[in-house]
Amino acid sequence: MIVWTAIALVVMLGIAWAFRFAGQAVTGNAPKFRDMPFGVAYGYVLGVFVLIWLVWAYLQGRSSDPAVANKFFFLRIAIEGLIIFSIAAWIFRLFGRSVGTAWSRKMFRSMPLTASFGILTIIIYAIFAIFAGVIAPYGQEQIIPGVAANIIPGGDPAMGGNPEFPLGTDQIGRDILSRLIYGAQNTVGIAFATTCLAFLLGGSLGFLAATLGGWLDQILSRAVDVLMAIPSLIFALLLMTIASVWAPELGIPLTVFMVIIIAVIDSTRVFRLARAVGQNIVVMDYIEAAKLRGEGLGYLVFKEILPNATAPLLAEFGLRFCFVFLTIAALSFLGVGIQPPLADWGTMVRDLGGFVNFAAFAPLAATAPLLAAGAIALLTVAVNFVVDWMLHKSSGLKE
Amino acid sequence: MTDETSDILVKMRGVKMEGRSDETWSPIINGVDLTLKRGEVLGLIGESGAGKSTLGLAAMGYTRDGVRISEGTVEFDGIDLLKASAATKRDLLGKRIAYVAQSAAASFNPAHKLLDQHVEGPVQHGVMGRNESAQDGIELYEKLRLPNPDQIGFRYPHQVSGGQLQRCMTAMAMSCRPDLIIFDEPTTALDVTTQIEVLAAIRDIVDQFNTAAIYITHDLAVVAQMADQIKVLLKGDEVETADTRTMLAAPTQEYTKSLWAVRSFERPTKPVVQSDAVPVIRVENVDAAYGTVPVLHDVSFDLHQGRTVAVVGESGSGKSTTARCITGLLPPKSGQIMLDGQTLPADYKKRTKDQLRQVQMIYQMADTALNPRMSIGQIIARPVEFYLGLKGKEKRRRVDALLEQIELEPTQYYHRLPSELSGGQKQRIGIARALAAEPKFIICDEVTSALDQLVAEGILRLLARLQDELQLTYMFITHDLATVRAIADEVVVMKDGRVVEQGPKKEMFKPPHHPYTDLLLSSVPEMDPDWLTNLLNERGVDNIGDAAVDKM
Amino acid sequence: MGSVLRIILQRLALGLLTLLIVSIVIFVAVNLLPGDFAESILGQGATPEAVASIRRDLGLDQPLITRYFDWLGGVLQGDLGTSFAQANFATFTGTDSGATTVAAQIAPRFANTMFLAMVTAAIAVPFSIILGVLAALYRNTVFDRATNIFTLSSISSPEFFLAYILILFLAVLNPIFPSLSNIFEGMSFGERLEKSMLPALTLTLVVTAHMMRMTRAAIINLLASPYIEMARLKGLSPMRVIVKHALPNALAPIINVIALNLAYLITGVVVVEVVFVYPGIGQLFVDSVKIRDIPVVQACCLIFATAFILLNLTADIMSILSNPRLRHPK
């Protein structure tokens, strides 16, 4: 295997040289080929080979031999998914360009496909989260009477599945599909609330520190330095251990503790950014002019500083949301996050993870845990794509 | 006559260039011709955004990222630079065509010693060996009158001052004895006294080696000293080209004439101040420090009603710090600021609303002085409402009146954002905001230095008119003596946090004066092409620039 | 050189101080536990002797400050306390082996985790730096955009998603590596490497994405600087521009990127070890959190925080050392 790969790479060296030489000969030494470094030519050849392999693998996935098809099933799904998503994003962007206000149409015109994919995905998640109760066939805690527990996903009766429950049921007989849909509400909702809390806390303290400066700034900044010196997931786990002892004693659900703990830990990062952004604005001459006019703190913060900080803060909100979302998912996956009976993606991955091992003979059986994990990944990827575009846009405007 | 073609070094024909913004290409240069003979110096002048640097780089066959040459030809000594291979071009660059950048501090690699960077070109191009080139470098340093020529090459860029670095870069450009050097605003970032030294050095060395050069600058007086020919650019178009003396004496185009005329603006002299008059602002024995670093020493001067006091000095002389003391942003260590004979509290936070209202400020960078998220109307209306308590229609009427005062049409500009305005218009909004407080005294901190000459002149005329109408008092902070000549009534010269000399403008521009004032005044380039030559003859090379300052 | 030394000593002192304060934070946090914790952890059926022994271990009858300094003193001598779970087990069975101390429990697992981190670093560092430099050199090309999408997706995915994807493709569909990392003492290096390959690859995916993006940003920033343009205008070959002019200045940001990402590994290691049942310190930490084995949680927390602080400190000091302005003062 390794030997064959090595041989292929060496053969490609020759092809790359031939490619460049042919390019030079055919185009009559056009600058593009004449000044092309060998590495670039090699890169083109490598890229073409990867494309050819992908097409081959895709065709294998559609093979009539189930053993071969099973093996390439996931690759096939990934490629099909990528194409479907790209087309959907493209149509969505086309739609955005022709509908809406002049402002939104202008936004869509300059938007890369990744960002329109991100926005589309976020909208779909929002719909699922808000209308989970309507969309899901069963309740999230509902143990369906007369239905066996542990129905295999895939809905293939021969394997022990049931077409009525395409993703099967869990160990106590709840519909996994419904729990997956409710997960959007719980996981995303809790992460969103946590991020808002973190922003309220970190943002207001950060701006206060930037505007007032002096000892308040010093104390807050040093405190944040210390809190940031402990890796956030580790710190969260430590505090969750303590909270798990307190929670039953105080009669407050552990999930509330988790929201507060993660919000506090994350607010340190928000504080840093808000303070930095605030300080950049505070040194501006228009702030000096307002100070010299005799304006109060309230006017300075709300009329002069905040309106100029919205763009970086919005981008940061996206990034922080991803981070919080992933932290909560990780905690849940480790078993100390969102507590049952609430349906949650992280917990579902942990509970259903074993199904992955069935993938070799029943690919559909492995989809349940992958869907839960993929649901987390897809949302964070979408948010990151949008944030990336926003950051690119704002940095581009500066130049 | 048969040899005429080989005499031409650079030949650019119909060059059009485009720059990319937001995925579309927009024109920067719209078809310019340029011809440069061997050993000739061409001055390329124009306002910011005229495309002079872009054109200068195109003469080397080089474009920056996001810029392309869309049409035309560039030939260097018969070689078509646009069709030449990357290897051919690399062979020319550094060896036969060299470049001197605006910011020497940023253009030297911070990780290597100066001499190592100097010898890199000759060694890589195979012109000289390392030792030979190093020896040559030291000779060049000596020719450029750098202090300690034997040792300066062994320093790192951050250990050498800006004026010296700029000369090191000129030496580096000379290292392969190129046929052509592109100077891209080499003295713009320097103080006047340092600038003159660098100018003299550059002119001398270009002369000695008979190198052709393209000298890019926005400063007419500088280009008059350096160039044999001048080409004027305006927004990517050529306005006119002529040899320097003809151009200065008889410009043919309207635009060129107006550029020349800027320097002629001068206000009539005002009568001498009554000795018993109470000054609007009195700065009395002010000492100030940033933390423990002292920056002002015993600074005192008066500002009288309806008059302009120009505070002059180089960067770091304490001009802006004095302004911060007056506004109360930096409470002085000792001494006091008086408004109409009454002592102002040192800290602005302790001043009354009325005291704050009387002292207003206009900033150098209009971009950072206006809140980008507020409309013009909101920006001007805020002080109107804050100080005068006007609301609704009354407020709007007042704002409209202010906009008219600064010569901007109210209905057109009221709802615009600062980003939709040009630099000069933004500066006018800054003036309107200061006027809205109906103050007695306005501090103008380098208000014209970020603007092009024509626009700057408009601002100066506006300020002069407003002063006559409203009996305003200005403190005019500037390093540009042409501005001082245009608008000041009195002048205060500062150096190293001290007032070196002060008095009415007429006296200041007439000898005898303090040696520093003398140096400062004599270092300001004039529009006379013989000015630098005469000055060097008069003062001698050792009595200009940093060398002269060190002697004081 | 004197001023650099002073700055570095300052940073070291600051790092030490941070470590001290962090240890206080961890200690105080643990002491926020409600009342008689010893009893609750041992359950109703605990013998009074066991409760008393744990109380004595925790020194619950003494004031907080005394307890902190006792604990800190112990930590400095390598004594991290006694594990509740192990103590309980020992009391229950009546044996008293040396393995009841936290230190004895952590030591082998710490070594395993270090092994995993080093394998990851060995793969990820060269790979990501080469990719980052390539993406910066050929920015805005298809290659750059593809790597951008790929790394962004990889950063956005939770570690366990990447882990399951790798298990799916490299263990289940194509049985190349084992999906469980049952590592034990006395294993040969090759075997150990094979068993840790999947967790290492998962961590590599996460870390590479971060490292590559940061390297790319640093190099692009560098290539935009005027002295690189100057080097090009001197007619130097592209190779020489990179090696002689860009690289010496890129070293500081790249070292910074590496150190920061190794610090990031610390968080990633916890989840990944759980997925692959890798017997490292991360898994021990999570297990102890679940059974509320406080001394172990405390000790693991301290170890993670120390590693994190030390790596950040290294990044800091390296970037000071490679700054010519500081190395050659005026």
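Residues numbered from 1 in each chain as written. Chains lettered and ligands numbered in written order. Predicted model: local features only at pLDDT ≥ 70, side-chain atom pairs only at ≥ 80, totals over all residues. Heavy atoms only, no water.

Asker: Account for the pattern of salt bridges, naming residues and giving values.
Answerer: Think of it this way: side chains of opposite charge can pair up when their charged atoms draw near. All names here are of chain B. This model, assessed by the stated rule, comprises 44 salt bridges over all chains. Two residues, D530 and R245, come together in a salt bridge whose shortest N-O distance is 2.7 Å. Highlighted residues: D530 in the loop between α23 (515–523) and α24 (531–539) and R245 in helix α11 (residues 244–249), separated in sequence by 285 residues. Each member of the salt-bridge network shares a partner with another, and the members are R38, D77, R96 and D179. (Salt bridge = Lys/Arg side-chain N within 4 Å of Asp/Glu carboxyl O. Helix = DSSP H or I, 4+ residues; strand = E, 2+ residues; numbered from the N terminus.)

Asker: An account of the packing of helix α12 (residues 238–275) of chain C against helix α13 (residues 281–291) of chain C is requested, with residue identities and associated values reported.
Answerer: Residues and elements named next belong to chain C. It is the contact of α12 with α13, at a shortest axis distance of 7 Å, that shows an interaxial angle of 85°. Here α12 lies roughly perpendicular to α13, going by the angle between them. Across the interface between the two elements, V270, E273 and V274 of α12 pack against I281, G282, Q283 and V286 of α13. In terms of residue class, the contact of α12 with α13 is made up of four nonpolar, two polar and one charged. (Axes fitted to C-alpha atoms, helices over the stretch in contact; angles between N-to-C directions. Parallel < 35°, antiparallel > 145°, perpendicular 65-115°, else oblique. Contact = heavy atoms within 4.5 Å. Nonpolar A, V, L, I, M, F, W, Y, C, P; charged D, E, K, R; others polar.)

Asker: A description of the nonpolar core should follow, citing residues and the corresponding values.
Answerer: Burial of nonpolar side chains together is a common tendency in soluble globular proteins. Core analysis: the largest hydrophobic core is formed by 141 residues, its most contacted members being L237(A), W345(A) and F160(C). It is α12(C) that provides the largest number of residues to this core, a total of 14 residues. Filtering out sequence-adjacent residues up to four positions away, L237(A) remains in contact with L331(A), L334(A), V336(A), V270(C), F285(C), V286(C) and V289(C). Core analysis: the next-biggest nonpolar cluster, separate from the first, contains 91 residues, L34(B), L55(B), L165(B) and V198(B) among them. (Core = buried A, V, L, I, M, F, W, Y, C linked by side-chain atoms within 4.5 Å. Buried < 20%, exposed > 50% of the residue type's maximum accessible area, 1.4 Å probe, protein only.)

Asker: Residue-level account of the UniProt feature "transmembrane region" (unreviewed entry) in chain C, with values.
Answerer: As annotated in UniProt, the feature "transmembrane region" (unreviewed entry) corresponds to residues 12–33, 115–138, 159–177, 250–276 and 296–321 of chain C in the numbering used here. In this annotation, residues 296–321 of chain C is assigned 100% helix and 0% strand; the end-to-end C-alpha distance for the span is 37 Å. (UniProt positions renumbered as here; feature names shortened; annotations may be inferred.)

Asker: An account of the interface of chain A and chain C is needed here, citing residue identities and associated values.
Answerer: If you look at the interface, chain A gives 48 residues, while chain C gives 50 residues. When chain A packs against chain C, close to 4,200 Å² is buried across both sides, 82% of that on carbon and sulfur atoms. The three residues of chain A that bury the most area against chain C are I234(A), L238(A) and L334(A), which together make up 13% of that side's buried surface. Taken together, the connections running from chain A to chain C amount to one salt bridge. The partner of R213(C) in a salt bridge is D388(A), with the nearest N and O atoms 3.4 Å apart. At the junction of chain A with chain C, the criterion picks out four residue pairs in polar contact (both at pLDDT 80 or more). (Buried area = accessible area lost by both parts, 1.4 Å probe. Polar contact = N/O pair within 3.5 Å; in protein donor to acceptor, adjacent residues only side chain to side chain.)

Asker: Tell me what's going on with the UniProt feature "domain: ABC transmembrane type-1" (unreviewed entry) in chain C, and back it up with residues and numbers.
Answerer: Under the local residue numbering, the UniProt record ascribes the feature "domain: ABC transmembrane type-1" (unreviewed entry) to residues 110–315 of chain C. For the annotated span residues 110–315 of chain C, helix accounts for 83% and strand for 0% of the residues, and the straight-line distance between the end C-alpha atoms is 22 Å.

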